[in-house]
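What the coordinates show
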Amino acid sequence: MREKARIVKIEGDRITVMPIDIEACIGCQNRECKANGNRFEAINARAFALSVGDEVRVGAPAKSQLAQAFFAVVLPALSALVVYVLFPRLVRGSGEGVRVAVTLATLVACAWARVRFADKSPPRLPEIIETL
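1. Concerning unusual backbone geometry
What you tend to see is this: most non-glycine residues have negative phi, and most peptide bonds are trans. If you check the backbone angles, Ala47 has positive phi at about 55° while not being a glycine. Position of Ala47 relative to the elements: it lies in the loop between β3 (40-43) and β4 (55-59).

2. A closer look at a nonpolar patch on the surface
Side chains of Phe70, Phe71, Val73, Val74, Leu75, Leu78, Leu81, Val82, Val85, Leu86, Leu90 and Val91 sit close together on the surface and give an oily, nonpolar patch of about 1000 Å² of accessible area. Checked against the element boundaries, Val85 lands in helix α2 (residues 62-90).

3. A look at the packing of aromatic side chains
In total, this model carries one aromatic pair according to the counting rule given. With a centroid separation of 5.1 Å and 80° between ring planes, the pair formed by Phe70 and Phe71 is classed as edge-to-face. Taking the relative accessible area as the measure of exposure, Phe70 reaches 36% and is therefore partly exposed. Of note, Arg99 hangs over the ring of Tyr84, and the distance from its end group to the ring centre comes to 3.8 Å.

Conventions adopted
Residues numbered from 1 in each chain as written. Predicted model: local features only at pLDDT ≥ 70, side-chain atom pairs only at ≥ 80, totals over all residues. Heavy atoms only, no water. Helix = DSSP H or I, 4+ residues; strand = E, 2+ residues; numbered from the N terminus. Patch = residues over 30% accessible without salt bridge, like charges linked within 9 Å, V, L, I, M, F, W, Y side chains within 5 Å. Areas by Shrake-Rupley, 256 points an atom, 1.4 Å probe, with all protein chains shown as cover. Salt bridge = Lys/Arg side-chain N within 4 Å of Asp/Glu carboxyl O. Phe/Tyr/Trp six-rings, centres within 6.5 Å; stacked < 30°, edge-to-face > 60°. Buried < 20%, exposed > 50% of the residue type's maximum accessible area, 1.4 Å probe, protein only. Lys NZ or Arg CZ within 6 Å of the ring centre and 35° of its normal.

This is the structure we're talking about:
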């Protein structure tokens, strides 16, 4: 995520910004959203000298993106692969259908766990990565 935004409020290192150009909004029919914009908070981790009205670029921290990729893609894929490979060795005589069903159940369990426990981690705010 990298968006151009305008600063509307500054409270310490938490900055409230309003997006300027959002590609997803091009075909949107919500006029109020287009007129007012969706405001969100970002952090000024790099300690830029900012003031209300400045244009900035906001992005998701690399650590957050890596963690999302790991828990959303890598971990479920590895879990399913391990189950697919090891299941016939653990349960002799099971057919291919049972093997595939257990592998899919593993993917569903990973997705359920991700949704169930995702809200327990503290929210990670996007950060201001450059001034424009």
